[in-house]
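# Architecture and fold: a report
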Amino acid sequence: MSNYEIETKCIQSGWHPKKGEPRVLPIYQSTTFKYDTSDQMGRLFDLEDEGYFYTRLQNPTNDAVAQKICELEGGVAAMLTSSGQAANYYALFNICEAGDHVVCSSTVYGGTFNLYGATMKKQGIDCTFIDPDASEEEIDKAFRPNTKALFAETIANPALVVLDIEKFAKLAHDHGVPLIVDNTFATPINCRPFEWGADIVTHSTTKYMDGHAMCVGGCIVDSGNFDWEAHADKFPGLTQPDPTYHGIAYTKKFGKGAYITKATAQLMRDLGSIPSPMNSFLLNVGLETLHLRVPRHCENAQKVAEFLNSNEKVAWVNYAGLPDNKYHALAQKYMPNGTCGVISFGLKGGRDVSVGFMDKLKMIAIVTHVADARTCVLHPASHTHRQMTDEQLIEAGVAPDLIRLSVGIENANDIIADLKQALETI
Ligand SMILES: *Cc1c(COP(=O)(O)O)cnc(C)c1O
């Protein structure tokens, strides 16, 4: 692990060519890898030697990019997945099985809410959703003897709740389970959850890391800090011999690498969900400028939030960079350089006015995406949450008039001018 500053890691980490090898990370677009003797390959299958044999398990392009994200987060091991959904699924399923239980923040991304609340429930893994702003005592009550993890987002999408990471880490550790944090919106540029006690970090790399809306992808990073052996009875999958891998006990054989090795050797082997090396190459190009783009997203979002906040047609603005925001103090503590480029706001007159306003935007496009270079906008009540009634929307923390604005890295004056001309029409 290098001691370089994070800007240098964005550029230099991951791919370290030897004499005569390509300077730029190559796309190893090959499903398989060649060996000279049968025994050489046999040792790989026994996990006795390190090396590549089949891209579903490992691929040099994918591994170099995983290593870069690992270093950005300050972890010990990482793996890429084909999507953020796959990352959040594997992160839990690696330590849970039928009969187990997890505790999760209720304000997580809708896809994660469905995955944990409905799909994993069908696999016998129960989930209790808790209000992330509730007191420690209140959240504490959600834990059970069979609870295996606590999960939350550093900045919730789209509610923009900023997580009190230390509070959550303490709750998880009091119950002998890891804190898993989805750090998609903050990115390691603005927040490194391991520094505040989180044990595992996940990402939808689809968002700021890729940064250009080109490739769906995900990542899981392990801090190596959680002591699985100290809670061996809770985590038999990591601490007891795996009969599907020659009786290897991951914690005993791989130490701090146990969690990611198990996720690769077992879950990736059996479930797939790898990224294509081509997509990982593009993700790596995005990562090289992450440290330049994220501050610009935040700077632009701050200007846009201030503009909206002072406009008489705007009913409310939610952005942690505004001093009167509920999460301003938490944001100052955990991400003093800025939060993210996503703002939510509502217009006076409610739902229909919000929709009419969006149709008048010229440069800012209506898309089902956030966190890329281009400013874009979405009305959850009309789009992602369309099937819900106004009452159900409010229960889910999505106001019927809520507009989600993902501020890009164009010139802030042009973004504000587009918002202004659309506001003038309503
Ligand atoms: C988008 C998103 C996901 C899902 O990621 P995909 O790459 O779309 O599968 C998970 N968590 C958060 C916070 C997200 O914004």
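As a reminder, the structure under discussion sits directly above these lines.
Sequence order as written defines residue numbering, which begins from 1 separately in each chain. Local features in this predicted model are restricted to residues whose pLDDT is 70 or higher, and side-chain atom pairs enter the listing and the counts only when it is 80 or higher, whereas totals over whole chains, interfaces and linings include all residues. Note that water and hydrogens are dropped before the side-chain values are worked out from all heavy atoms of the structure.

## What to know about the state of the cysteines
Our working definition of a disulfide is a cysteine sulfur pair at a distance within 2.5 Å. Using the criterion set out here, one finds zero disulfides in the structure. In this structure C191 is a free cysteine whose sulfur lies 12 Å from that of C340, the closest cysteine sulfur available. With no disulfide of its own, C376 has C340 as its nearest cysteine by sulfur position, at a separation of 12 Å.

## Quick notes on the packing of helix α4 (residues 84-93) against helix α11 (residues 258-271)
Only the stretch in contact is used when fitting a helix axis, every axis being a line fitted to C-alpha atoms; angles between N-to-C directions are given from 0 to 180 degrees. Secondary structure is summarised from DSSP: a helix means a run of H or I of at least four residues, a strand means a run of E of at least two, and numbering begins at the N terminus for each. Running from N to C, α4 and α11 cross one another at 115 degrees; their axes reach a closest spacing of 10 Å. Here the hand of the crossing between α4 and α11 comes out right-handed. For the pair α4 and α11, the contacting residues are Y89, Y90, A91 and F93 in the first and Y259, L267, M268 and L271 in the second. Each residue gets one of three labels, nonpolar for Ala, Val, Leu, Ile, Met, Phe, Trp, Tyr, Cys and Pro, charged for Asp, Glu, Lys and Arg, and polar for the others, Gly among them. The residue inventory of the contact of α4 with α11, partitioned by class, reads eight nonpolar, no polar and no charged. Left-handed describes a crossing in which the near helix is turned anticlockwise from the far one by less than a right angle; the clockwise case is right-handed. We call two residues contacting when some pair of their heavy atoms lies within 4.5 Å.

## Let's talk about the sheet that holds strand β12 (residues 403-406)
As summarised here, the arrangement of the five strands in space is β8-β9-β12-β11-β10, forming an open sheet in which the pairing is mixed. With partners counted over all chains shown, the strands left at the sheet margins are β8 (314-318) and β10 (365-366), one partner each. A strand pair is defined by DSSP finding two or more bridges across the two strands. When strand β9 (residues 342-347) meets β12, the two strands line up antiparallel, connected through four bridges. Looking across to β12, one finds that S344 is bridged to R404. Each of β9, β10, β11 (376-378) and β12 is contacted by helix α15 (residues 351-359), which is oriented at about 120 degrees to β9, the strand it contacts most.

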